[in-house]
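Spelled out, the chains give:
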Amino acid sequence: MKRSMLNMLALSACTVAFNAHAQKFDGLAATPQMGWNSWNTFACDINEKLIRDTADAMVKNGLKDAGYEYVNIDDCWHGKRDEKGVIQADPERFPSGMKALADYVHGKGLKIGIYSDAGATTCGGHPGSRGHEYQDAQTYAAWGIDYIKYDWCDTKGLNPVGAYTTMRDAIRAAGRPMLFSMCEWGDSKPWEWAKDVGHSWRTTGDIYLCFDCEFSEASYSRWGVLQILDKQAGLRVHSGPGHWNDMDMLEVGRGLTEDEDRSHFAAWAMLASPLILGNDVRKMSDATKRILTNKEVIAINQDKLGIQAWRFMQAGRLEYWAKPLDKGEWAVMILNRSEQAMPVSYQWTNHRVNDDMSKRVLDTTKTVYTWTDAWTGKTGDTSKKLESKLAPHGAIVLRLKARS
Ligand code: GLA
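All values reported here derive from a predicted model rather than from experimental measurement.

Chemist: What am I meant to see in the overall build of the protein chain here?
Modeler: Regarding its fold elements, the protein chain presents 12 helices and 22 strands. Over its C-alpha trace the protein chain gives a radius of gyration of 22 Å, about what one expects of a compact globule, namely 22 Å for 404 residues. Seen along its three principal axes, the alpha-carbon backbone of the protein chain occupies a region of about 75 × 55 × 45 Å. Out of the 404 residues in the protein chain, the part that is buried amounts to 53%. When contacts within the protein chain are restricted to residue pairs at least 6 apart in sequence, long-range pairs at least 24 apart make up 69% of them. In the protein chain, which carries 50 positive and 51 negative side-chain charges, the distance between the mean positions of the two groups comes to 5 Å.

So this is what it looks like as structure tokens:
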């Protein structure tokens, strides 16, 4: 055998052996991850005080107790790479350094996330990880980072499977369990290939602060709540424990109406999306706090089966969504897409709701279910017609349990 062939064989054996160990860390995001991210409110205007104050606020205002765990720094934390290529935090915005900041956040019983990009530069023009993947993963691990959001700017000519797999392998090699949140905007249908690569993947371009609109930038669009919801059609088969369809960070508490905020939060919960807050949690209205800490809605999102809801019926501008839950329970959301208040009159027993994917049936003709309204606590059962009125862009969310 020629030496070059021997070399090739040795190399491929080596690759196989290496890849056999290069898996994403299991056990992270068994339910959709919950936390906060700096981008929606602060964009590049971030510093270590903001991150510390946010962690403090999350402990004080009940967000931590409600399940929000990660404090995530998005773009623009970066300084330069040093002479060895090691990335540094911006010395002016983060003078104490990332290790100290991670220690602080951990000291509050929370976890910390950071942001990078598969290209040479991030979307904000800072150093990306291209060509530095192993080095950056090692640096983040040494700082004590728990979560990496990995963006897709400046990637012309890059293969997304290769780029994201390289970073996954780098995280594994760095040896610290770090949740890998892929932010590739759904361009290459990551739901089809990334189950073993990331713990979640963005399914769309960026969210925009509106309930029902498309906001066009020069070469791409940003999307309102309903637009993002519609783009999830057909994706539920790809989502589950450890690998979630990510509908982007929440806009709750940033200027939508209270009904819109509730519907937005409920939709993300029903579709088992990661719940990453995008508001300024240091100053929240009571209404925003009530929405974001609603135990019932969060429990629907965090249900351990991790089955994403689907739209089982549409009647004019009203939509009906169902999510099978653990122990034979169900969540049902009725959403009013219109800008007018709409009456709801739903005869449960006229509808047999059949989920082909999970092989579960919500059969109110055979079983009477009691329901609890997740927002109001009101109760009822499926033997009686549901009569209600939905506010413009409002949604009702019910949890159903078979009556024993
Ligand atoms: C992209 C991402 C956003 C945010 C910005 C930061 O647009 O999709 O979520 O991280 O970059 O520059």
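Chemist: How do you make sense of the nonpolar core when you look at a structure like this?
Modeler: Nonpolar side chains tend toward joint burial in soluble globular proteins. Grouped together as the largest cluster of nonpolar side chains are 94 residues, with contacts concentrated most on Tyr68, Trp77, Tyr140 and Phe265. Tallying contributions element by element places helix α10 (residues 258–270) first for this core, with 6 residues. Each of domain 1 (22–301) and domain 2 (310–402) accounts for three or more of the residues forming this core. In contact with Tyr68, other than residues within four places in its own chain, are Met34, Gly35, Met58, Leu63, Leu110, Phe265, Leu275, Leu277, Leu292 and Ile298. Core analysis: the second largest hydrophobic core is formed by 19 residues, Tyr320, Val332, Tyr346 and Leu398 among them.

Chemist: Just checking my understanding: could you explain the sheet that holds strand β15 (residues 330–336) for this structure?
Modeler: Remark on secondary structure: sheet strands pair via backbone hydrogen bonds, oriented parallel or antiparallel. On the basis of which strands lie adjacent, the open sheet formed by 6 strands has the order β13-β14-β15-β22-β19-β20 and antiparallel pairing. Of all the strands in the sheet, just β13 (310–315) and β20 (379–381) have a single pairing partner and so form its edges. Put simply, the sheet's adjacent strands are angled 25 degrees from each other on average, direction ignored. Of the pairings in the sheet, the one linking strand β14 (residues 318–324) to β15 comprises 7 bridges and is antiparallel in character. Across the sheet, Ala322 pairs through a bridge with Val332, a residue of β15.

Chemist: Looking at this structure, I do not really get the site of the ligand. What am I missing?
Modeler: Asp74, Asp75, Lys149, Asp151 and Asp206 are the nearest of the 13 residues found near the ligand. Looking at the shell around the ligand, its residues break down into 6 nonpolar, 1 polar and 6 charged.

Chemist: Whenever I open this one, the packing of aromatic side chains confuses me. Can you help?
Modeler: Each aromatic ring pair is specified by the distance between its two centres and by the angle formed by the two planes. Tallying each qualifying case throughout the model produces 16 aromatic pairs. On the basis of an interplanar angle of 75 degrees and a centroid distance of 6.3 Å, the ring pair of Trp77 and Tyr140 is categorised as edge-to-face. In this pair, Trp77 sits in the loop between β2 (70–72) and β3 (78–81) while Tyr140 sits in helix α6 (residues 133–143), placing the two residues 63 residues apart along the sequence. Each member of the pair, Trp77 as well as Tyr140, carries the same accessibility label: buried. Relative to Tyr164, the ring of Tyr150 lies with its centre 5.5 Å away and its plane at 85 degrees, an arrangement referred to as edge-to-face. In this pair, Tyr150 sits in strand β6 (residues 147–151) while Tyr164 sits in helix α7 (residues 160–174), placing the two residues 14 residues apart along the sequence. Since its relative accessible area comes to 0%, Tyr150 is described here as buried. Look at Tyr164 and you get buried, because its relative accessible area is 0%. One aromatic cluster in this structure is built from Trp310, Phe312, Tyr320, Trp330, Tyr346 and Trp348. Residue placement shows Arg52 over the ring face of Tyr104; its charged tip is 5.9 Å from the ring centre.

Chemist: Honestly, the domain arrangement of the protein chain in this entry has me stumped. Any pointers?
Modeler: In terms of domains, the protein chain is made up of domain 1 (22–301) and domain 2 (310–402). With centres defined by C-alpha atoms, the gap from domain 1 to domain 2 works out at 31 Å. The interface of domain 1 with domain 2 comprises 24 residues on the first partner and 25 residues on the second. Of the roughly 2100 Å² buried between domain 1 and domain 2, counting both surfaces, carbon and sulfur atoms make up 67%. Considering only the side of domain 1, the residues that lose the most area to domain 2 are Arg236, Met270 and Ile300, jointly responsible for 33% of the buried surface there. There are 3 salt bridges connecting domain 1 and domain 2. With its nearest N and O atoms 2.8 Å apart, the salt bridge here joins Asp355 to Arg236. At the junction of domain 1 and domain 2, the tally comes to 7 residue pairs in polar contact (both at pLDDT 80 or more).

Chemist: Before we go on, may I ask you to explain the packing of helix α3 (residues 48–60) against helix α5 (residues 98–107) in this structure?
Modeler: The geometry of α3 relative to α5 is characterised by a closest axis approach of 9 Å and an angle of 10 degrees between their N-to-C directions. With respect to α5, the axis of α3 lies roughly parallel. Together, Glu48, Ile51, Arg52, Ala55 and Asp56 of α3 and Leu101, Tyr104 and Val105 of α5 make up the contact between the two elements. Of the residues in the contact of α3 with α5, the class split is 5 nonpolar, no polar and 3 charged.

Chemist: Help me understand the confidence of the model for the protein chain, please; the structure alone is not making it clear to me.
Modeler: In low-pLDDT regions, the fine details of the predicted coordinates are not to be read closely. In this model, the protein chain carries a mean pLDDT of 95, and residues with pLDDT of at least 70 account for 95%. Considering only residues more than four positions removed or in separate chains, one finds that residues 8–20, a stretch of pLDDT under 50, has 3 contacts.

Chemist: Can you help me understand α6 in this one?
Modeler: Residues lying three or four places apart along an α-helix face the same way, a consequence of the helix completing one turn every 3.6 residues. Along α6, the positions that sit buried rather than exposed are Glu133, Asp136, Ala137, Thr139, Tyr140, Ala141 and Trp143. Contact partners of the buried residues in α6: β3, β4 (87–89), α5, β5 (111–117), β6 and α7. Immediately downstream of α6, the backbone of Gly144 shows phi near 95 degrees, a positive value.

Chemist: Is there a simple way to think about the state of the cysteines in this case?
Modeler: This model, assessed by the stated rule, comprises 3 disulfides. For Cys123, the disulfide goes to Cys153, at an S-S distance of 2.1 Å. Across the S-S bond of Cys123 and Cys153 the torsion is about 100 degrees, and the bridge reads as right-handed. A residue pair is termed long-range when its members are at least 10 positions apart, and Cys123 in the loop between β5 and α6 and Cys153 in the loop between β6 and α7 qualify at 30 residues. Among the residues examined, Cys123 registers a relative accessible area of 40% and is labelled partly exposed. What pairs with Cys210 in a disulfide is Cys213, and their sulfur atoms sit 2.0 Å apart. Because the torsion about its S-S bond is -90 degrees, the bridge between Cys210 and Cys213 counts as left-handed. Sequential numbering of the bridged cysteines in the protein chain gives the disulfide pattern 1-2, 3-4, 5-6. The cysteine Cys183 is free of any disulfide, with Cys123 supplying the nearest cysteine sulfur at 6.9 Å.

Calculation rules
Residues numbered from 1 in each chain as written. Predicted model: local features only at pLDDT ≥ 70, side-chain atom pairs only at ≥ 80, totals over all residues. Heavy atoms only, no water. Helix = DSSP H or I, 4+ residues; strand = E, 2+ residues; numbered from the N terminus. Rg over C-alpha atoms; globule rule 2.2 N^0.38 Å. Buried < 20%, exposed > 50% of the residue type's maximum accessible area, 1.4 Å probe, protein only. Contact = heavy atoms within 4.5 Å. Lys, Arg positive; Asp, Glu negative; His and termini not counted. Charge placed at Lys NZ, Arg CZ, Asp CG, Glu CD. Core = buried A, V, L, I, M, F, W, Y, C linked by side-chain atoms within 4.5 Å. Domains from an automatic or database assignment. Pairing = 2+ DSSP bridges. Axes fitted to C-alpha atoms, helices over the stretch in contact; angles between N-to-C directions. Near = heavy atom within 4 Å. Nonpolar A, V, L, I, M, F, W, Y, C, P; charged D, E, K, R; others polar. Phe/Tyr/Trp six-rings, centres within 6.5 Å; stacked < 30°, edge-to-face > 60°. Lys NZ or Arg CZ within 6 Å of the ring centre and 35° of its normal. Buried area = accessible area lost by both parts, 1.4 Å probe. Salt bridge = Lys/Arg side-chain N within 4 Å of Asp/Glu carboxyl O. Polar contact = N/O pair within 3.5 Å; in protein donor to acceptor, adjacent residues only side chain to side chain. Parallel < 35°, antiparallel > 145°, perpendicular 65-115°, else oblique. pLDDT = per-residue confidence, 0-100. Disulfide = S-S within 2.5 Å.

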